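# Structure assessment
This is what each chain is made of:
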Amino acid sequence: MNLRRFSLIAVPYFWLLALFLVPFLIVFKISLSDIALAIPPYTPTLELSEGWAGFRDFASQLDFENFEFLATDDLYWKSYLSSLKIALISTFFCLLIGFPIAYGMANAPKEWQPTLMLLVILPFWTSFLIRVYSLIGILSQEGMLNQFLMWTGIINDPLTILNTNIAVYIGIVYTYCPFMILPIYATLTKLDGSLLEAAEDLGCSRTEAFWRITVPLSKAGIIAGCFLVFIPALGEFVIPSLLGGSDTLMIGKVLYEEFFANRDWPVAGAVAVILLLILIIPIVLYQRNEQKQMEAEA
Amino acid sequence: MRRLTWFNATSLTLGFAFLYIPMIIVIIYSFNESKLVTVWGGFSTKWYGELFQNEAFLDAAWVTFKVALASSLIATVLGTMGAYVLVRGGRFYGRTLFSGMIYAPLVMPEVITGLSLLLLFISIGLDRGMFTIVLAHATFSMCYVSVVVSSRLVSFDRSVEEAALDLGCTPFEAFRLVTLPIIAPAVISGWLLALTLSLDDLVIASFVAGPSATTLPIKVFSSIRLGVSPEINALSTILIMIVTIGTIAASLTTKRAVMRRQREERMAEQTG
């Protein structure tokens, strides 16, 4: 192997090893340690100067205590379950709102499509934080939504939406909607219109043709969109901490607080390791879906 | 097939209303005279004035800008190298691990990335500050750049590269003179993506930033926690405007480039 090829591979390779893989190993190691009143606040620490004996001593002190703690304390498994529930329900609503938008875009006149596409991409480039912020003013007690609903006479007293789980659902659906729309739109534009005409010629009603042709053929886009919403929503931190209430349990928020407020690094590490294990399943499924789609196109 | 039915028109209108009304309200209320964020007190631009007087925001914006520029440039170089290795690298030891490390950060929850990098910086005794934010941002955005660039590398005809090599180019010359101009649009959009990711990032930065460096999202986040304020409305409006102008400009440029290429192809067909 010549030097140039070696350095071309080595530079990004070692960068990722040092700043992506090694940090994970450190998290894993700390999740097996115990909390201590020291700097850094965990024990044991590896003493390389003591050689092999030092390493053996270090390894013998590691245990799965923190994981046992996570299993016994209600807070953690409740947060994992509630994160899963919030992510699943928001993904469902994203699909419910995103699919009609993507469908409308794909069936809009050809000359409109670049503009519609731009309108979906624009929120995607806009700061995530600002988009979450824009919801605070709408959902608060004296916010726009309550003012509007009281003005129309639907309700007499303002609803409490901000700082509840409902606000978290609205927040996730609002910010992640473009991730659902774009892959579905991409598969719908590739859909061969003559298939629908054929179905109608053969006696299908339009609704029937939609369910038997459009939906199955856009399945890859729907699956991709669902994972693109579900995976980041599961570990979400910003939305539950800005829109949710004190009783909103989401694992990203729990991890953040465990680390910064309680300064319990070993438990925070264990929370992270479990979250990663939960995420491996959807990530593998997502990648398999992408691969299948690429093979289908090739 | 391509006609606007009643159903499609409704879903598009409602859908885009949902996506845009919250942001439009923020923009309107940034021009509100009143300090109260829910009552309209007349038109005024005074909150923009106050924003530009606010040293803390200006400092944070400057830090964010420097971090984004540095990290996006590093990410673009590393990401392009990574894409080249993925697509053209052939077989080498640990290839599967390499592609895994390129794709994994894209789906990694930010809290985990932030936590793990912070623990790394602490265990090697690196002082937290602007430098650590740059390292963190460069690492996760290089993966996005790699994905964008590699999709372009996959789709272009490899024989032009081989022709350059046959005609006596060194591999580096072939890359600089042939490959790079072809993948340039993807490299530029990868760089823009890296820039935006870095400008937007809150979670990873709040883990790896020390007390010496506060980025704009960190500053905004801590003031949002106290509630809605007209100054943040003004700041949001400015950021939304920058993104809007940038996105429209970028889409017009690509549209023009596509049209020029089509025209050139037509002319080449006619003369050839």
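## What about the overall build of chain B?
- A tally of helices and strands in chain B yields eleven helices and zero strands.
- Sequence-ordered secondary structure for chain B, helices as α and strands as β, is α-α-α-α-α-α-α-α-α-α-α.
- Summarising its shape, the C-alpha atoms of chain B cover approximately 70 × 60 × 35 Å along the three principal directions.
- Buried residues in chain B amount to 39% of all 272 residues.
- Of the contacts made within chain B by residues no fewer than 6 positions apart, 76% connect residues no fewer than 24 positions apart.

## Thoughts on the overall build of chain A
- Scanning chain A from terminus to terminus reveals 14 helices and two strands.
- Against the globule reference of 19 Å for 298 residues, chain A gives a C-alpha radius of gyration of 25 Å, more extended than a compact globule.
- Dimensions along the principal axes, computed over C-alpha positions, put chain A at roughly 80 × 70 × 35 Å.
- A separation of at least 24 residues holds for 71% of the contacts in chain A among residues at least 6 apart in sequence.

## Some details on the environment of I28 of chain B
- Relative to the elements of secondary structure, I28 of chain B occurs in helix 1 (residues 6-29).
- I28 of chain B sits 40 residues away from A68 of chain B along the chain, and the two C-alpha atoms are 29 Å apart.

## Focus: the environment of V26 of chain B
- Summarising the element assignment, V26 of chain B is placed in helix 1.
- The spacing of V26 of chain B and L235 of chain B is 209 residues in sequence and 9.9 Å in space, taken between C-alpha atoms.
- Excluding residues that lie within four positions of it along the chain, V26 of chain B makes contacts with S134 and G137 of chain A together with N233, S236 and T237 of chain B.

## Re the packing of helix 1 of chain B against helix 11 (residues 230-271) of chain B
All names here are of chain B.
- At a closest axis distance of 8 Å, the pairing of helix 1 and helix 11 adopts a crossing angle of 120°. Judged by the twist between their axes, the crossing of helix 1 over helix 11 is left-handed. Only P230, N233, S236, T237 and I240 of helix 11 make contact with helix 1, whose side of the interface consists of M23, V26, I27 and Y29.
- Residue composition of the contact of helix 1 with helix 11, by class: six nonpolar, three polar and no charged.

## Observations regarding the nonpolar core
- Counting residues in each nonpolar core, the largest one holds 151 residues, and the members touching the most others are A102, L255 and V271 of chain A together with L115 and V208 of chain B.
- Looking at this core, the element that brings in the most residues is helix 8 (residues 165-189) of chain A, giving 16 residues.
- Not counting the four nearest positions on each side in its chain, A102 of chain A is found in contact with I181, I184, Y185 and L188 of chain A.

## Re the packing of helix 4 (residues 74-106) of chain A against helix 11 (residues 219-234) of chain A
All names here are of chain A.
- At a closest axis distance of 9 Å, the pairing of helix 4 and helix 11 adopts a crossing angle of 145°. The two elements helix 4 and helix 11 meet at a crossing, and its hand is right-handed. Of the residues in helix 11, those touching helix 4 at S83, L84, A87, S90, T91, C94, L95 and G98 are I222, G225, C226, V229, F230, A233 and L234.

## Overview of the interface of chain A and chain B
- Chain A puts 66 residues into the contact, and the matching count from chain B is 58 residues.
- The leading source of residues in the side of chain A that touches chain B is helix 1 (residues 3-31) of chain A, at 16 residues.
- The class makeup of the residues in the side of chain A that touches chain B is 53 nonpolar, ten polar and three charged.

## Some thoughts on the confidence of the model for chain A
- Looking at chain A, the pLDDT average stands at 86 and 92% of residues meet or exceed 70.
- Averaged pLDDT values over the elements of chain A bottom out at 68 in helix 2 (residues 51-60) of chain A and peak at 94 in helix 8 of chain A.

## So, helix 8 of chain A
All names here are of chain A.
- Look at helix 8: 35 Å from first C-alpha to last across 25 residues, which is about the 36 Å you get at 1.5 Å a residue.
- Taken as a whole, helix 8 carries its principal kink of about 50° at Y176; the proline P178 stands between one and four residues after it.
- The buried count for helix 8 comes to 22 of 25 residues, which makes it a mostly enclosed element.

## A few points about unusual backbone geometry
Residues and elements named next belong to chain A.
- The residue N163 is not glycine, and still its phi comes out positive at about 65°.
- Along the polypeptide, N163 turns up in the loop between helix 7 (144-152) and helix 8.
- Phi at R263 takes a positive value of approximately 55°, unusual for a residue other than glycine.
- Examined against the element boundaries, R263 turns out to sit in the loop between helix 13 (251-260) and helix 14 (265-297).
- Using a count of 12 C-beta atoms within 10 Å as the deciding quantity, one classes R263 as exposed.

## Thoughts on the confidence of the model for chain B
- Here chain B averages 88 in pLDDT, while 98% of its residues score no lower than 70.
- This complex was scored by the predictor with a pTM of 0.88 and an ipTM of 0.87.

Reading the values: rules and limits
Residues numbered from 1 in each chain as written. Chains lettered and ligands numbered in written order. Predicted model: local features only at pLDDT ≥ 70, side-chain atom pairs only at ≥ 80, totals over all residues. Helix = DSSP H or I, 4+ residues; strand = E, 2+ residues; numbered from the N terminus. Buried ≥ 20, exposed ≤ 12 C-beta atoms within 10 Å, placed from the backbone. Contact = placed C-beta atoms within 7 Å. Rg over C-alpha atoms; globule rule 2.2 N^0.38 Å. Axes fitted to C-alpha atoms, helices over the stretch in contact; angles between N-to-C directions. Left-handed = near helix turned anticlockwise from the far one by under 90°. Nonpolar A, V, L, I, M, F, W, Y, C, P; charged D, E, K, R; others polar. Core = buried A, V, L, I, M, F, W, Y, C linked by C-beta atoms within 7 Å. pLDDT = per-residue confidence, 0-100. Expected span 1.5 Å × (residues − 1). Bend = angle between axes of the 7 residues up to and from the residue.

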